[in-house]
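Single-letter residue listing:
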Amino acid sequence: MAASVVESGEDAFRKIFKFYRRRNPPPDFSDVIDFSRSLPNDKIVPADLDPSALTDVEAAQVGLQPVRDWRAFGLRGYPGFIFISNPFLLGSQSFWVKQCLKTYPQKPNVCNLDMHMSPSETQDIWGKSVHGFRNSSGKREPKTLLERLRWVTLGYHYNWDTKTYSENHHTPFPTDLHSLSSKVTAACGFPGFIAEAGILNFYRSDSSLGIHVDESELDHSRPLLSFSFGQSAIFLLGGTHRQDPPTAMYMHSGDMMLMSGQSRLLYHAVPRILPAPEGHTASKMDPCSPISLLQDSPVMETVSEEDWRVCSRYIQSSRVNVTVRQVLGPGQSFPETPSPPQRTEAGQTGGYHEGDGDQDSGKRKRSSSCDSADAVET
Ligand code: OGA
Ligand code: MN
């Protein structure tokens, strides 16, 4: 949608959010940037990476191509924003998809199901769900726990109600995801990044994520990193005001985004999930491929056929997004008393929002303590 359609003074972001979320008739997607097909032009600029930040072996250990081969872009008008078009080695996304679905939802990490289920009930989400992915009887079965999973938090667990992190709600951050994050951020010019908090959002084909700014972290000089797997999405990147019309871009499986500097605190949202185009789906690492022999990784392992059957079926209709945040600056600690809510917007309310994407309206369709699958449908 041309920015000119949006009259000055109105909430341009909300208008464009609604435009891309519309089902009937479907919107015109011709203005959506597709970095997987784009070359630098008047809007898209090549991003400056630091190929010396990690060796090819260090990159391969977390499933990444050599940094010199990454296709990384910036957007004119958005200093500090970096988009890396799927830099994963062929087949290596499968490990990260499996971690997101099987490993990270495990205790002591926190998920939406914990809000009204006992620890024993949410103890083994994967084990309690796989049967539903193996048998395709054609009958309508009750939703598995995996299908009801909406968010998982890691490290400093984000409190959706107070919109804060706190010292005393912390569990160890997964070392493999820290390793991936610190390597990607180093290549983007941010050495010494410490992955302290993570939010996994699980999207179905009809989910969306409302307009928000991520400002709960106490140090905004550290970048925010985002990884996407599975189905594609439209991501909207706006400005510091809701009146600023956002730029729309596709996020496909394997794509990464880094929001830093002046782009760290910009409004953003996901109005729509779209089927992954041909050639944009995660595939399994072949245990005999030269890639898996070459990397001999201390971080990654081959995904079993059995696990991959479940993962691939899940991501055929879903998208998983992982955002990784450094909460504290070097030497910084949490304030003595809990700080007031940090997110200016209504936050993500567990990541999802139904309605018009306007989180100022207070029209939250579900609270963080609800995991109703219906409540996230748009
Ligand atoms: C978030 C977020 C975007 C996405 O979790 O804060 O903005 O692409 N996610 O899902
Ligand atoms: Mn966000």
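The rules behind each value
- Residues numbered from 1 in each chain as written.
- Chains lettered and ligands numbered in written order.
- Predicted model: local features only at pLDDT ≥ 70, side-chain atom pairs only at ≥ 80, totals over all residues.
- Heavy atoms only, no water.
- UniProt positions renumbered as here; feature names shortened; annotations may be inferred.
- Helix = DSSP H or I, 4+ residues; strand = E, 2+ residues; numbered from the N terminus.
- Buried < 20%, exposed > 50% of the residue type's maximum accessible area, 1.4 Å probe, protein only.
- Contact = heavy atoms within 4.5 Å.
- Areas by Shrake-Rupley, 256 points an atom, 1.4 Å probe, with all protein chains shown as cover.
- Donors = N, O, S within 2.8 Å, 3.2 Å for Na, K, Ca; no water.
- Axes fitted to C-alpha atoms, helices over the stretch in contact; angles between N-to-C directions.
- Parallel < 35°, antiparallel > 145°, perpendicular 65-115°, else oblique.
- Nonpolar A, V, L, I, M, F, W, Y, C, P; charged D, E, K, R; others polar.
- Core = buried A, V, L, I, M, F, W, Y, C linked by side-chain atoms within 4.5 Å.
- Polar contact = N/O pair within 3.5 Å; in protein donor to acceptor, adjacent residues only side chain to side chain.
- Pairing = 2+ DSSP bridges.
- pLDDT = per-residue confidence, 0-100.
- Salt bridge = Lys/Arg side-chain N within 4 Å of Asp/Glu carboxyl O.

Per an unreviewed UniProt entry, the recorded name for the protein is Nucleic acid dioxygenase ALKBH1, and the organism is Xyrichtys novacula. According to the UniProt record, the Subcellular location (unreviewed entry) comment for the protein reads "Nucleus". Quoted verbatim from the Subunit (unreviewed entry) heading of the UniProt record, the comment on the protein is "Monomer. Interacts with DNAJB6."

On to the overall build of the protein, then. Scanning the protein from terminus to terminus reveals eight helices and 13 strands. In the protein, buried positions account for 57% of the 378 residues. For the protein, restricting intrachain contacts to residue pairs at least 6 apart in sequence, the fraction spanning at least 24 positions comes to 79%. By element, 51% of the accessible surface of the protein is carried by carbon and sulfur atoms, the whole surface being about 15,700 Å².

Binding of the manganese ion (ligand 2) to the protein goes through H212 (NE2), D214 (OD) and H268 (NE2), at separations of 2.0 to 2.2 Å. Read in sequence order, the donor residues for the manganese ion (ligand 2) give the motif H-x1-D-x53-H. Note that H212 is positioned in strand 7 (residues 209-212) and H268 in strand 12 (residues 268-274), a separation of 56 residues in sequence. In terms of burial, H212 and H268 fall into one category: buried.

What follows covers the packing of helix 4 (residues 125-134) against helix 8 (residues 305-315). Packed helix pairs are characterised by how far apart their axes lie and by the angle those axes make with each other. With their axes 10 Å apart at the nearest point, helix 4 and helix 8 run at an angle of 75 degrees to one another. As far as their axial angle goes, helix 8 and helix 4 are roughly perpendicular. Taken together, the residues of helix 8 that come into contact with helix 4 (itself represented by W126, V130, F133 and R134) are E306, D307, V310, C311, R313 and Y314. Considering only residue class, the contact of helix 4 with helix 8 consists of six nonpolar, no polar and four charged.

This next bit is on the nonpolar core. If you look at the biggest cluster of nonpolar residues, it comprises 57 residues, and the most contacted ones within it are W96, L177, V184 and F227. Core analysis: the next-biggest nonpolar cluster, separate from the first, contains 21 residues, I33, F73, L209 and M257 among them.

Next up on the list: the environment of T171. Inspection of the secondary structure assignment puts T171 in the loop between strand 5 (151-155) and helix 6 (175-187). With near-sequence residues (within four places) excluded, T171 lies in contact with P108, N109, G155 and H157. At a separation of 2.7 Å, a polar atom in the side chain of T171 contacts the side chain of H157.

Taken together, the four strands give an open sheet; going across it, the order is 7-12-9-10, and neighbouring strands pair in antiparallel fashion. Unpaired on one side and paired on the other, strand 7 and strand 10 (247-251) mark the two borders of the sheet. Neighbour to neighbour, the strand axes of the sheet diverge by 25 degrees on average, direction disregarded. Looking at chain direction, strand 9 (residues 232-237) and strand 10 are connected through five bridges and run antiparallel. Looking at the pairing, I234 lines up with Y250 of strand 10.

Moving on, we come to the confidence of the model for the protein. With 83% of its residues at a pLDDT of 70 or more, the protein has an overall mean of 88. Contacts for the low-pLDDT stretch residues 360-378, under 50 throughout, to residues beyond four places or in other chains number 48 contacts.

What follows deals with the pattern of salt bridges. A side chain of one charge can pair with a side chain of the opposite charge if their charged atoms are brought near each other. Scanning all chains against the criterion turns up ten salt bridges. Across the pair E217 and R264 runs a salt bridge, and its minimum N-O distance is 2.9 Å. Of the two residues, E217 is situated in the loop between strand 7 and strand 8 (224-230) and R264 in the loop between strand 11 (256-259) and strand 12; the sequence distance between them amounts to 47 residues. The pair formed by E217 and R264 is uniform in burial state, with each residue classed as buried. For E217, the salt bridge is made with R325, and the minimal N-O distance between the two is 2.9 Å. In this pair, E217 sits in the loop between strand 7 and strand 8 while R325 sits in strand 13 (residues 318-325), placing the two residues 108 residues apart along the sequence. Summarising the burial analysis for this pair, E217 and R325 share the class buried. Connected through salt bridges with shared partners, the residues D214, E217, R264 and R325 form a single ionic network.

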